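Residue-level structural notes
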Amino acid sequence: MEFYVKKTCEMTDQELHQLLDLFNKVFEKDRPMQVMLNQYTQNPFGFSYHSYFCDEGKIQGAITCIPSYYVYKGERMIFATIVDAMVAEEHRDLFGILRLLNNAYKELKNE
C-alpha cells in the first residue's frame, strides 16, 4: 500500500473520482462530484487536505481535513476539521486508520 497526503488542488481527476467512488461506496450515497468539490474547496484556502492510501493503484482509504480560521483565546489561528473518514471494508484495520491520521497530522502541523 502507498500512503499520500495531498491538497485538493494537487490531486488528479482520476484521484478525485476514486475518492468520490470510495465515499459513495462506503456511505451508500450518490454524492455528485460538484457537491464533493464544493465541500472541499469552499473555505478561506480554496482546498482541503486528503490523507489517503492506495492498494493496487486504487484509493481504498481516506481522511479529509478542511482548514479554516478560528479565534482561540483571542488569537486568530488555523485549524482543520476532519469531515470525511472512510476505508473500504476489505481494508479496515487499526493500522491503516492510524497511519491515515498520523500522516494527516504531520502534514497539517508542517503547514
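What this report covers is the structure whose coordinates are included nearby. (Residues numbered from 1 in each chain as written. Predicted model: local features only at pLDDT ≥ 70, side-chain atom pairs only at ≥ 80, totals over all residues. Heavy atoms only, no water.)

As a further point, take the overall build of the chain. Across its full length, the chain holds three helices and four strands. Element order for the chain, N to C, with α for helix and β for strand: β-α-α-β-β-β-α. A compact globule built from 111 residues should have a C-alpha radius of gyration of about 13 Å, and the chain, at 14 Å, falls within 12% of that. Residues classed as buried in the chain amount to 39% of the 111 residues present. Long-range pairs, those at least 24 residues apart, make up 57% of the contacts in the chain between residues at least 6 apart in sequence. (Helix = DSSP H or I, 4+ residues; strand = E, 2+ residues; numbered from the N terminus. Rg over C-alpha atoms; globule rule 2.2 N^0.38 Å. Buried < 20%, exposed > 50% of the residue type's maximum accessible area, 1.4 Å probe, protein only. Contact = heavy atoms within 4.5 Å.)

Moving on, we come to the pattern of salt bridges. Overall, the coordinates contain four salt bridges when judged by the stated rule. Among the salt bridges present, the one from Lys 6 reaches Glu 15, with a minimum N-O distance of 2.8 Å. Here Lys 6 falls in the partly exposed class, since its relative accessible area comes to 21%. Between Arg 31 and Asp 84 there is a salt bridge whose closest N-O contact spans 3.3 Å. Of this pair, Arg 31 sits in the loop between helix H1 (13-27) and helix H2 (33-41) while Asp 84 sits in strand E4 (residues 75-87), and the two are 53 residues apart along the sequence. Pair check on accessibility: Arg 31 and Asp 84 agree, each one buried. (Salt bridge = Lys/Arg side-chain N within 4 Å of Asp/Glu carboxyl O.)

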